[in-house]
Amino acid sequence: MANFLAVEKTLKTRRAELAERVSSIDTKLQAPLSADFEEQAGDLESLDSLGGIEVAALKEITAIDRALGRIANGTYGVCIDCGEPISQKRLESVPTALRCVNCKI
């Protein structure tokens, strides 16, 4: 089994950054709206964008958690479809990859 300590550290750092971002977004999403209707329209548009950013961050956190789980159980870097190793180059570019390049296509 390969040693993925550096990958694990990178994933944990990225997860912490995303968790902080989600927390910040949650705070903004829970803030009261302005009493001015015109300002509310702009605020709501901004909140909609923040909601999309939050959803993307939560999806990435889930992918990171799953990758960390695969590292812990020794299946990290193995394609979930064909069982062959995922190339180092692919794992470097997409550390949460589940599939090798051939199966991803």
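Along each chain, residues carry numbers from 1 onward, in the same order as the chain's sequence is written. Two thresholds apply to this predicted model, a pLDDT of at least 70 for residue-level local features and 80 or more for giving and counting side-chain atom pairs, whereas whole-chain, interface and lining totals are computed over all residues. The side-chain quantities take in all heavy atoms of the structure and omit both hydrogens and water.

Q: I'd love a proper account of the overall build of the chain, names of residues and values included.
A: Starting at the N terminus, helices and strands are each numbered in turn, a helix being any DSSP run of H or I of at least four residues and a strand any DSSP run of E of at least two. Per the secondary structure count, the chain includes 4 helices and 0 strands. The secondary structure elements of the chain, listed N-terminal to C-terminal, are α-α-α-α. Looking at the chain alone, contacts between residues at least 24 apart form 49% of all its contacts between residues at least 6 apart. Methods summary: accessible areas were calculated by the Shrake-Rupley approach with a probe of 1.4 Å, and residue burial reflects only the protein chains presented. Looking at the chain as shown, the accessible area adds up to about 7300 Å², and 55% of this sits on carbon and sulfur atoms. Between two residues, a contact is recorded if the distance between any of their heavy atoms is within 4.5 Å.

Q: Please give an account of the confidence of the model for the chain that cites residues and values.
A: Per residue, pLDDT captures the predictor's confidence, and it can take any value from 0 to 100. When pLDDT is averaged along the chain, the result is 88, and 85% of the positions lie at 70 or above. Least confident of the elements in the chain is helix α2 (residues 37–73), whose mean pLDDT is 85; most confident is helix α3 (residues 88–93), at 94.

Q: Describe the side chain of E54, and please don't skip the residues or the numbers.
A: The residue E54 is located in helix α2 in this model. Throughout, exposure labels follow a simple rule: accessible area from a 1.4 Å probe, protein chains only, divided by the maximum for the residue type, with under 20% read as buried, over 50% as exposed, and the rest as partly exposed. Charged residues are defined narrowly, with Lys and Arg counted positive, Asp and Glu counted negative, and His plus the chain ends left uncounted. When a carboxyl oxygen of Asp or Glu is within 4 Å of a side-chain nitrogen of Lys or Arg, the pair counts as a salt bridge. No salt bridge forms around the buried E54; measuring N to O, its nearest opposite-charge neighbour R21 is 11 Å away. In this structure, E54 is in contact with V22, I25, D26 and L29, ignoring residues within four places of it in sequence.

Q: Requested: an account of the state of the cysteines, with residues and values cited.
A: Sulfur atoms of two cysteines make up a disulfide when they are within 2.5 Å. Per the stated rule, a full pass over the model turns up 0 disulfides. Of all cysteine sulfurs in the structure, the one in C103 sits closest to C79, which takes part in no disulfide; the separation is 3.7 Å. The class for C79 is buried, based on a relative accessible area of 3%. A disulfide-free cysteine, C103 has its sulfur positioned 3.7 Å from the sulfur of C100, the nearest such atom.

Q: Explain the pattern of salt bridges to me, using residue names and the numbers behind them.
A: Pairing is possible between side chains that carry opposite charge, provided their charged atoms lie close to one another. In this structure the tally under the stated criterion is 5 salt bridges. Among the salt bridges present, the one from R14 reaches E17, with a minimum N-O distance of 3.6 Å. Linking R14 with E17, this pair stays in helix α1 (residues 5–29), spanning 3 residues, or about one helical turn. Among the salt bridges present, the one from R14 reaches E60, with a minimum N-O distance of 2.8 Å. Separated by 46 residues along the polypeptide, R14 in helix α1 and E60 in helix α2 bring together distant segments of the chain. What makes R14 partly exposed here is its relative accessible area of 29%. What makes E60 partly exposed here is its relative accessible area of 29%.

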